[in-house]
Amino acid sequence: MTRHFLRDDDITPAEQAEILDLAVQLKRDRFAAKPLAGPQTVAVIFDKSSTRTRVSFAVGVADLGGSPLIISTANSQLGGKETPSDTARVLERMVAAIVWRTYAQAGLEEMAAGTTVPVVNALSDEFHPCQLLADLLTIREQRGSLAGLTLAFLGDGASNMAQSYLLAGATAGMHIRVASPAAYAPDDAVVVDAIAIATQTGGSVTLYTDPIEAVVGVDVVVTDTWVSMGKEEEKAERLAVFGAYRVDAELMELAARDALFMHCLPADRGYEVTAEVIDGPQSVIWDEAENRLHAQKALLAWLLAKNAG
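The model shown is predicted, which means the values in this text are computed figures rather than measured ones.

Caption draft 1: Summary view of the overall build of the protein chain. Per the secondary structure count, the protein chain includes 12 helices and 9 strands. For 309 residues, the compact-globule formula gives about 19 Å, and the C-alpha radius of gyration of the protein chain, at 19 Å, lands near that figure. Principal axes of the C-alpha set define a box for the protein chain whose edges measure 55 × 40 × 35 Å. Across the 309 residues of the protein chain, 55% fall into the buried class. A sequence separation of at least 24 residues applies to 76% of the contacts in the protein chain between residues at least 6 apart. Element-wise, carbon and sulfur atoms account for 52% of the exposed surface of the protein chain, whose accessible area totals about 12,600 Å². In the protein chain, 25 positive and 41 negative side-chain charges are present, and the distance between their average locations comes to 7 Å.

So this is what it looks like as structure tokens:
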């Protein structure tokens with residue numbers, strides 16, 4: 001059975017740790033692994049605009065000895081009359097893996113069900129699992145381990161980042177707090193899944209509406225843009241609703257003294273986070289951005305090895 005990475009809980013706690021261990025090795029020696037030597041090709045498909053995802057996957061595939069094929073759905077049949085499953089059946093005859101940055105999670109699931117090569121979710125409206133591997137790698141670099149740490153995500157609890165933090169953080173044995181307005185809480189099914197995982201790993205999941213309560217004593221503070229791609233028409237409403245969730249210096253003072261600040265970028269400075277925090281000494285956003293490269297290389301190498309076995 002082909003292994004894919006569509007959600008953060010598609011891997012077990014042991015497998016997550018294995019991928020992060022490999023990411024550490026590949027960060028130390030970028031060209032140590034060449035599973036795509038040939039070069040083999042990886043299709044990297046974009047429905048949405050991108051900087052970090054595009055660059056990190058293109059560079060990462062090349063580092064692994066392969067050739068990245070960047071595809072825009074606007075200029076392919078996938079963006080028109082061809083279904084994800086039909087596209088997948090064509091691509092699998094030519095590429096070693098498929099990476100897709102898209103809107104609906106259902107499209108990724110259809111593509112994965114229709115192919116024998118690994119499919120990677122490079123972002124969907126529901127989840128952003130590749131970013132979470134990079135974030136966990138960053139936290140591990142700074143703190144040495146993940147289990148037992150407490151992390152607070154502030155802002156849109158129904159966003160892909162918040163929901164991925166619930167699943168990936170629980171998988172890592174972390175205590176995940178999500179603070180959001182009640183109308184923007186995470187999906188109930190995702191919360192149930194995260195709680196089930198946390199029960200097995202020793203982590204926990206707690207939802208808040210009060211950002212101050214959520215941040216007290218935490219090891220990591222995370223936020224993301226209040227206006228995600230596809231939500232632009234809601235901008236005025238969202239700016240009004242999320243104002244209390246802005247991460248500023250006063251809010252950071254409520255966290256642990258050595259708490260980290262993280263943001264997956266791009267950031268709307270002055271909205272979800274102040275410049276003082278994002279450029280401050282607790283911010284690890286540039287390490288976080290770089291770690292997309294190392295974490296995704298590790299993921300691809302791991303998936304290719306699993307599917308070859």
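Caption draft 2: Seen up close, the packing of aromatic side chains. Tallied over the full model, the rule gives 4 aromatic pairs. Ring centres of phenylalanine 153 and tyrosine 165 lie 6.3 Å apart, and the angle between their planes is 40°; on these two criteria the pair is classed as tilted. You can see phenylalanine 153 sitting in strand β5 (residues 150-154) and its partner tyrosine 165 sitting in helix α6 (residues 160-171), a full 12 residues away along the chain. Like tyrosine 165, phenylalanine 153 is buried.

Caption draft 3: Representation of the pairing of strand β3 (residues 97-101). Among the 5 residues that make up β3, 5 are buried, leaving the element largely enclosed by the rest of the structure. Judged from the 5 bridges that link them, strand β1 (residues 41-46) and β3 form a sheet pairing that is parallel. Of the residues in β3, the one forming a bridge with alanine 43 is isoleucine 98. As paired strands, β3 and strand β4 (residues 119-123) are joined by 4 bridges and run parallel to one another. Of the residues in β4, the one forming a bridge with arginine 101 is leucine 123. The handedness of the β3 to β4 crossover, carried by helix α4 (residues 105-113), is right-handed.

Caption draft 4: Just helix α2 (residues 52-63), in detail. With 12 residues, α2 should reach 16 Å at 1.5 Å per residue; the first-to-last C-alpha distance of 16 Å fits that figure. Taken as a whole, α2 has its buried residues at Thr53, Ser56, Phe57, Gly60, Val61 and Asp63. Across the axial projection of α2, the buried residues extend over an arc of 155°, all falling on one side. Residues of α2 that are buried sit in contact with β1, β2 (67-72), β3, β4, α5 (129-143) and α12 (285-308). Where α2 ends, the next residue or the one after it, glycine 65, has phi of about 90°, a positive value.

Caption draft 5: Up close: the sheet that holds β2. A sheet is described by the order of its strands in space; here 4 strands give the open sequence β2-β1-β3-β4, paired in parallel fashion. Two strands lie at the open edges of the sheet, namely β2 and β4, each paired on one side alone. The mean inter-strand angle of the sheet, taken between neighbouring strand axes irrespective of direction, is 20°. Pairing of β1 with β2, which is carried by 6 bridges, proceeds in the parallel orientation.

Caption draft 6: A look at the sheet that holds strand β9 (residues 260-263). On the basis of which strands lie adjacent, the open sheet formed by 5 strands has the order β7-β6-β5-β8-β9 and parallel pairing. At either end of the open sheet lies a strand with only one pairing partner, and these are β7 (204-208) and β9. Between one strand axis and the next, the sheet turns by 20° as a mean value, whatever way the strands run. Here 5 bridges tie β5 to strand β6 (residues 175-179), and the two strands are oriented parallel to one another.

Caption draft 7: Layout of the environment of isoleucine 139. Mapped onto the elements, isoleucine 139 comes out in helix α5. The sequence separation of isoleucine 139 and isoleucine 176 amounts to 37 residues, and the corresponding C-alpha distance is 14 Å. In this structure, isoleucine 139 is in contact with Gly144, Leu146, Leu149, Leu151, Met174, Val220, Leu260 and Met262, ignoring residues within four places of it in sequence.

Caption draft 8: Quick peek at α6. With 12 residues, α6 should reach 16 Å at 1.5 Å per residue; the first-to-last C-alpha distance of 16 Å fits that figure. Judged by how many residues are buried, α6 sits mostly within the fold: 12 of 12 residues are covered. Of the residues flanking the end of α6, it is glycine 173, one or two places downstream, whose phi is positive at about 80°.

Analysis parameters
Residues numbered from 1 in each chain as written. Predicted model: local features only at pLDDT ≥ 70, side-chain atom pairs only at ≥ 80, totals over all residues. Heavy atoms only, no water. Helix = DSSP H or I, 4+ residues; strand = E, 2+ residues; numbered from the N terminus. Rg over C-alpha atoms; globule rule 2.2 N^0.38 Å. Buried < 20%, exposed > 50% of the residue type's maximum accessible area, 1.4 Å probe, protein only. Contact = heavy atoms within 4.5 Å. Areas by Shrake-Rupley, 256 points an atom, 1.4 Å probe, with all protein chains shown as cover. Lys, Arg positive; Asp, Glu negative; His and termini not counted. Charge placed at Lys NZ, Arg CZ, Asp CG, Glu CD. Phe/Tyr/Trp six-rings, centres within 6.5 Å; stacked < 30°, edge-to-face > 60°. Pairing = 2+ DSSP bridges. Right-handed = clockwise from strand over helix to strand, strands pointing away. Expected span 1.5 Å × (residues − 1). Arc of directions from axis to C-beta. Axes fitted to C-alpha atoms, helices over the stretch in contact; angles between N-to-C directions.

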